[in-house]
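The chain contents come next:
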Amino acid sequence: MRKVISLLSLLTILACSSTVPVTAENSLDHHQEQTTDLVGQIDRQALSDLSWYKKNYSSYTPEQTSLEALQDSLNDIEIKVFMGTWCHDSKRETPRLFKILDKLNYNLSSLSLVALDYSKSTPDGFEDGLDIQRTPTFVFFKNGEEVGRIVETPRESLEQDILKIVTSQEYKHSYQD
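Residues numbered from 1 in each chain as written. Predicted model: local features only at pLDDT ≥ 70, side-chain atom pairs only at ≥ 80, totals over all residues. Heavy atoms only, no water.

Student: Mind showing me how you'd approach the sheet that holds strand β4 (residues 137-142) here?
Tutor: Where strands meet in a sheet, backbone hydrogen bonds hold them as pairs that are either parallel or antiparallel. Pairing in this open sheet of five strands is mixed, and the strands run β1-β3-β2-β4-β5 from one edge to the other. In this open sheet, the two edge strands, each paired with only one partner strand, are β1 (40-42) and β5 (145-151). On average, each strand axis in the sheet is inclined to that of its neighbour by 25°, with strand direction left out of account. In the packing of helix α5 (residues 88-103) onto the sheet, contacts are made with β2 (77-83), β3 (111-115) and β4, and the angle to β2 comes to roughly 160°. Along the sheet, helix α6 (residues 158-166) contacts β2, β4 and β5; its crossing angle with β5, the most-contacted strand, is approximately 160°. (Pairing = 2+ DSSP bridges. Helix = DSSP H or I, 4+ residues; strand = E, 2+ residues; numbered from the N terminus. Axes fitted to C-alpha atoms, helices over the stretch in contact; angles between N-to-C directions. Contact = heavy atoms within 4.5 Å.)

Student: Which parts of the structure should I look at to understand the pairing of β5?
Tutor: In terms of strand pairing, β4 meets β5 through six bridges, oriented antiparallel. Note on β5: the bridge partner recorded for F138 is I150. Linking β4 to β5, which pair antiparallel, is a turn of two residues; within it N143 sits at a positive phi near 55°.

Student: What exactly am I supposed to notice about the packing of α5 against α6 here?
Tutor: Axis angle and axis distance: for two packed helices, these are the angle between their axes and the distance between the axes, and together they describe the pair. α6 packs onto α5 with a crossing angle of 65° between their chain directions and a minimal axis gap of 10 Å. Regarding α5 and α6, the two cross each other, and that crossing is right-handed. Mapping the contact onto sequence places E93, R96, L97 and I100 in α5 and L158, E159 and I162 in α6. A class-by-class count of the residues in the contact of α5 with α6 yields four nonpolar, no polar and three charged. (Left-handed = near helix turned anticlockwise from the far one by under 90°. Nonpolar A, V, L, I, M, F, W, Y, C, P; charged D, E, K, R; others polar.)

Student: Which parts of the structure should I look at to understand the pattern of salt bridges?
Tutor: Opposite charge on two side chains allows them to pair when their charged atoms are near. In the structure shown here, the tally under the stated rule is seven salt bridges. Of the charged contacts in the structure, one is a salt bridge between R92 and D89, with a shortest N-O distance of 3.0 Å. Linking R92 with D89, this pair stays in helix α5, spanning three residues, or about one helical turn. Since its relative accessible area comes to 25%, R92 is described here as partly exposed. Two residues, R96 and E93, come together in a salt bridge whose shortest N-O distance is 3.7 Å. Here E93 and R96 lie together in helix α5, a separation of three residues that amounts to about one turn. (Salt bridge = Lys/Arg side-chain N within 4 Å of Asp/Glu carboxyl O. Buried < 20%, exposed > 50% of the residue type's maximum accessible area, 1.4 Å probe, protein only.)

Student: Would you mind going over the packing of aromatic side chains with me for this structure?
Tutor: How two aromatic rings sit relative to each other is set out by the distance from centre to centre and by the angle between their planes. In the structure shown here, the tally under the stated rule is four aromatic pairs. Ring plane angle 70° and centroid distance 6.2 Å describe the contact between Y53 and F98, whose orientation is recorded as edge-to-face. You can see Y53 sitting in helix α3 (residues 51-59) and its partner F98 sitting in helix α5, a full 45 residues away along the chain. Taken individually, Y53 and F98 each receive the classification buried, so the pair is uniform in this respect. Ring geometry for W86 versus Y118: centroids 4.6 Å apart, planes at 35°, classification tilted. (Phe/Tyr/Trp six-rings, centres within 6.5 Å; stacked < 30°, edge-to-face > 60°.)

Student: What is the right way to read the nonpolar core from this model?
Tutor: One broad trend across soluble globular proteins is that nonpolar side chains are buried collectively. Grouped together as the largest cluster of nonpolar side chains are 31 residues, with contacts concentrated most on L47, F140 and I162. Contributing elements (two or more residues each) for this core: α3, α4 (64-70), β2, α5, β3, β4 and α6. Among the elements that take part in this core, α6 stands out by supplying five residues, more than any other. Among all residues touching I162, those that are not within four sequence positions of it are L70, L74, L97, F140 and I150. Judged by nonpolar contacts, the second largest core, of seven residues, contains F82, L116, I132 and F141. (Core = buried A, V, L, I, M, F, W, Y, C linked by side-chain atoms within 4.5 Å.)

Here is the structure:
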């Protein structure tokens, strides 16, 4: 029974949707890829120095047809990115998002990047009122109002999901009914 409980605890820690804080007793090697996880509002440069970011950014090729459709759709969109430098989904999706935005010449001053701790929070409460439960969560705003979000993984592709959100097509993130 003790082994079953230990295994269940381990699986919970591995999921980016976990709310279990990592301690010295239950940390995993992949959580220690970097010596300190980033927490709080950060800039892109903080990610650009990380090996996983460089690798996943350079290896991703955005879908050209979707990029063309998105070309003028992000002009008045603000994006808030909530991610964890400890989270495998964030390590995969956040570099991809930046690659897409770079290809579209998106004005990065309209993007805020927040690194969350394991409990999906920051000391300054950047996530307050936004119901952030999983990482990464990309929240899209138009005129100050949320128009949609991508949670943890896209449903179709990151490009297609963004296109649906910013062009007001029907879209539900991965955890909506």
